[in-house]
Amino acid sequence: MIDLIKNLYNKINRPVNLMEVCGTHTVAIFKHGIRSLLPEGLRLLSGPGCPVCVTSIKDIDKAIALSMLDNAILCTFGDMMRVPGAKKSLSEARAEGADIRVVYSPLDCLKIAEENENKKVIFFSAGFETTTPSVAGTIFEAERRQINNFFIYSVNKLVPPALDVLLQSDDVRIDGFIMPGHVSTIIGSKPYDFIASKHSTPCVITGFGADDILSGITMLLKQIAEGRAAVEIQYKSVVTENGNQKAVEFINKYFEPCDSYWRGIGSLPQSGLKLRDEYKQRDAEVVFKIDVPDSSEPKGCQCGLVLRGVKIPSECPLFGKACTPEKPIGACMVSMEGSCAAYYKYNR
Amino acid sequence: MCLAVPSRIVEIDNLLAVVDVYGARKEISLLLMPEEALIGDYVLVHAGFAIQKVDEEAAQDALRLIREIADAMEQEEFKE
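None of the values given here were measured: they were computed from a predicted structure.

> Looking at this model, I keep getting lost on the domain arrangement of chain A. Mind explaining?
The figure often quoted for interface size is the accessible area lost as the parts come together. Residues and elements named next belong to chain A. Along its sequence, chain A is organised into domain 1 (1-297) and domain 2 (303-346). Each of domain 1 and domain 2 has a C-alpha centre, and the two are 18 Å apart. In this assembly, 26 residues from domain 1 lie in contact with 21 residues from domain 2. For the pair domain 1 and domain 2, the summed buried area comes to about 2,100 Å², and 63% of that belongs to carbon and sulfur atoms. Together, F30, C53 and R82 form the three largest contributors to the area buried by domain 1 at its contact with domain 2, with a combined 27%. Summed over the shared surface of domain 1 and domain 2, the result is one salt bridge. Between D171 and R308 there is a salt bridge, with the nearest N and O atoms lying 2.5 Å from each other. The interface formed by domain 1 and domain 2 contains four residue pairs in polar contact (both at pLDDT 80 or more). With six residues, helix 2 (residues 23-31) is the single largest residue contributor to the side of domain 1 that touches domain 2. Counted by class, the side of domain 1 that touches domain 2 contains 14 nonpolar, six polar and six charged residues.

> Is there a simple way to explain helix 7 (residues 159-168) of chain A in this structure?
With seven of its ten residues buried, helix 7 of chain A lies for the most part within the structure. Listed as buried for helix 7 of chain A are V159, P160, A162, L163, D164, L166 and L167 of chain A.

> Explain the side chain of R282 of chain A here, please?
Residues and elements named next belong to chain A. When you line up the elements, R282 lands in the loop between strand 11 (266-275) and helix 12 (284-288). Polar contacts involving the side chain of R282 include one to the main-chain carbonyl oxygen of I147, which spans 2.7 Å. Leave out the neighbours within four places in its chain, and R282 touches I139, A142, E143, I147, N148, F150, F151, I152 and L275.

> I'm lost on the interface of chain A and chain B in this one. Help?
Contacts between chain A and chain B engage 48 residues on the former and 31 residues on the latter. Summed over both sides, the interface between chain A and chain B buries roughly 3,400 Å², with carbon and sulfur atoms accounting for 69% of that surface. It is Y104, H182 and M336 of chain A in chain A that bury the most area against chain B; as a group they hold 17% of the surface buried on that side. Inspection of the chain A/chain B interface yields eight residue pairs in polar contact (both at pLDDT 80 or more). Every element with two or more residues in the side of chain A that touches chain B is listed here: helix 2, helix 4 (90-95), helix 6 (132-144), helix 8 (181-187), helix 11 (245-254) and helix 14 (339-346) of chain A. Among the residues forming the side of chain A that touches chain B, the class breakdown is 24 nonpolar, 16 polar and eight charged.

So, how was this worked out
Numbering of residues starts from 1 in every chain and runs along the sequence as written. Labels are handed out in written order, letters beginning with A for the chains and numbers beginning with 1 for the ligands. With pLDDT at 70 or above as the cut-off, local features in this predicted model cover only qualifying residues; side-chain atom pairs require 80 or more to be listed or tallied, and sums for whole chains, interfaces and linings still use all residues. Excluded from the side-chain calculation are hydrogens and water; included are all heavy atoms of the structure. Marked domain ranges trace back to an automatic or database domain assignment. The contact criterion used throughout is that any non-hydrogen atoms of two residues lie within 4.5 Å. Simply put, the buried area is the total loss of 1.4 Å probe accessible area from both parts when two parts are fitted together. Just to be clear on terms, a salt bridge is a Lys or Arg side-chain nitrogen sitting within 4 Å of an Asp or Glu carboxyl oxygen. For the purposes of these results, a polar contact is taken to be a pair of N or O atoms within 3.5 Å, where, inside protein, one atom must be able to donate a hydrogen and its partner to accept one; residues adjacent in sequence count only when each atom of the pair is a side-chain atom. Only DSSP runs of H or I with at least four residues qualify as helices, and only runs of E with at least two residues qualify as strands; both kinds are numbered from the N terminus onward. Here the term charged refers only to Asp, Glu, Lys and Arg, the term nonpolar to Ala, Val, Leu, Ile, Met, Phe, Trp, Tyr, Cys and Pro, and the term polar to all other amino acids, Gly among them. Summary of the burial criterion: residues with accessible area below 20% of their type's maximum are buried, those above 50% are exposed, and those between are partly exposed, where the area comes from a 1.4 Å probe applied to protein chains only.

So this is what it looks like as C-alpha cells:
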C-alpha cells in the first residue's frame, strides 16, 4: 500500500496537505508511525477534532463559577478537569473545595441528582456529534423520571461547520480530509457533502487501524490524482451514508445550533449546540445567569494555529518548555487526543 | 473523546443492558440504538449509550486496536 501511496503522490507531483480531523486519529497516526512511512511533501496536519482542546477559557471559567454556586454539584468528563481556565482548572477548583465530580456517562448525573435532591446537579457538557446523543438521551431520561434538579451547561460543538470555516481561510491549503470515524457513525457521510461540492475538497471517513489509515490516505490521493472531490467511506463496518438517524433525532429534539467560540479559533457561526427553548428550565446558562469576564489566550500559546493546521506543535515557542503535559498552558497539551500532547509523547 | 468501544451484550432489561468490555461489566442504555439488539450482539458504546451494532469480527479487530490506543492514552500518569 505504501508503494501505491508513493505512486499516486508522484503522479500528483506537488506537495499535499491532508488533515486528520479527529484527535483519536492523531493518536493512532503516531501510534502506528504512519508519518514516517509517507513521502516527504505528503503532510498530515492535525485538525480541531478534540472537543476538550476547543473548549474556550471563558467556558471553563463559567463551569467553575457554576460549581461555586450554593448547593451545586458540577459533573463532567475526566478529560475536562485539567483544561486551564483564566485563573485555574476545574481540578484546582475542586482542590479548593468545589464539589466537582468526574462521570463516565451523563446518565451518572441522574443518579447523583436523585441522591442529592436538595442540590442542583449541573453537567458541563463538551463533545462532538458522537457524544451529544448521550446527553440528549440523558435529558430524555431526566424528563421521564421527573428529575428536576438536573441541568446542562452545553459547550457541545458540531464538526462540519468548523471544517467549512477552515476551508475558507487562506492560512493553510488542505487538499483532503481524513474524516472522523465515530462522529460519522452518528451523522453519516451526507453532512460532509458540501465540502466536496462547495470546496472541491476530497473527504474519506476512515477507521483507526494502520491499514485503515493508509487505505484512507490512498483513497484521498486517488481522488486528488484524478481531479475529483467526493465523500467516500473507508470505515464501512460502522459508518453509513445516513448514520444513526435515531441518535440524530434525539440531538435535534433537545438541541439547536448556535454560534460557538472555539478556543484559539474564534466564534464560528452555527457551530455549537444549545438547549431548545422548550427545555430552558434545564439550561444552566439560562437558569443561573452566571457571567465571567472575557479572557485572552495565554501569552505565546499557539493552540489556535495548531488547531487550524497552520503550525505543528513543535513550532510553538512554549512547546515542551513552559508547556508540558504535566503543566499544560494550552488546551492541546491537556488532552491525550490534543495534537501537542500526542507530539510530546511520540515525536520529540 | 469521540471513541466508541465495541462491547458484547450479556443482559437486556427493556432499554437497559449489561455489556462486557475487556472483561468488565457495565450498565448501558439502548435508547439510541437504531435497530433491535439481542444478547450476544456486539454494539459500539460511547458515554454509556450503545449507538450501533457491529459484527463480531469487526468488533474483535476494533477491540485490539482500541486497547492499544486507549493504553497509549492511559499510560499517561498525568491524566486526571
